[in-house]
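# Notes for the structure review
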Amino acid sequence: MLALTRKKGESIMIGDQAEVVVLGVSGEQVRLGIIAPKHVAVHRKEVFEQIRSENKEAMHKIPVASLKSFLNT
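Residues numbered from 1 in each chain as written. Predicted model: local features only at pLDDT ≥ 70, side-chain atom pairs only at ≥ 80, totals over all residues. Heavy atoms only, no water.

## Things to note about the layout of surface pockets
Looking at the largest pocket, its volume works out to about 220 Å³. Along the walls of the largest pocket sit Ile 12, Ile 14, Ala 18, Val 20, Val 30, Leu 32, Ile 34, Ala 36, Val 40 and Val 42, which together make up its complete lining. Looking at the lining of the largest pocket, the elements that each hand over two or more residues are β1 (11-14), β2 (18-26) and β3 (29-35). Looking at the lining of the largest pocket element by element, the count peaks at three residues for β3. The residue inventory of the lining of the largest pocket, partitioned by class, reads ten nonpolar, no polar and no charged. (1 Å grid on protein atoms, 1.4 Å probe; cavity = no way out; pocket = protein on both sides within 12 Å on 5 of 7 lines; lining within 4 Å. Points joined across faces, edges and corners; volume = space filled by probe spheres on them. Helix = DSSP H or I, 4+ residues; strand = E, 2+ residues; numbered from the N terminus. Nonpolar A, V, L, I, M, F, W, Y, C, P; charged D, E, K, R; others polar.)

Here it is, written out as structure tokens:
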């Protein structure tokens, strides 16, 4: 893990397309702004984990025969 110290108004770059900006700090909370292309999904981790869990669950509900016929098209 890379740990950085930033002040309000400062930012970090993730690759050349995503920027994370510190908008404010209040007590133990940090408010962040994310600037990224529209095709890049940005979620809080707990939301991301829920989406991933639901996708895995849905995958197990699909009959194997359906997947085979899909792959053969």
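## Digging into the pairing of β1
In terms of strand pairing, β1 meets β2 through four bridges, oriented antiparallel. Paired with Ser 11 across the bridge in β2 is Val 21. Turn length for the β1-β2 hairpin, with the two strands adjacent in sequence and antiparallel, is three residues, and the turn residue Gly 15 shows positive phi of about 65°. (Pairing = 2+ DSSP bridges.)

## A closer look at the sheet that holds β2
One key point about sheets: their strands pair by backbone hydrogen bonds, in either a parallel or an antiparallel sense. As summarised here, the arrangement of the three strands in space is β1-β2-β3, forming an open sheet in which the pairing is antiparallel. The open sheet has two edge strands with one neighbour each: β1 and β3. Going from strand to strand, the sheet's axes swing by 25° on average, the running direction of each strand aside. (Axes fitted to C-alpha atoms, helices over the stretch in contact; angles between N-to-C directions.)

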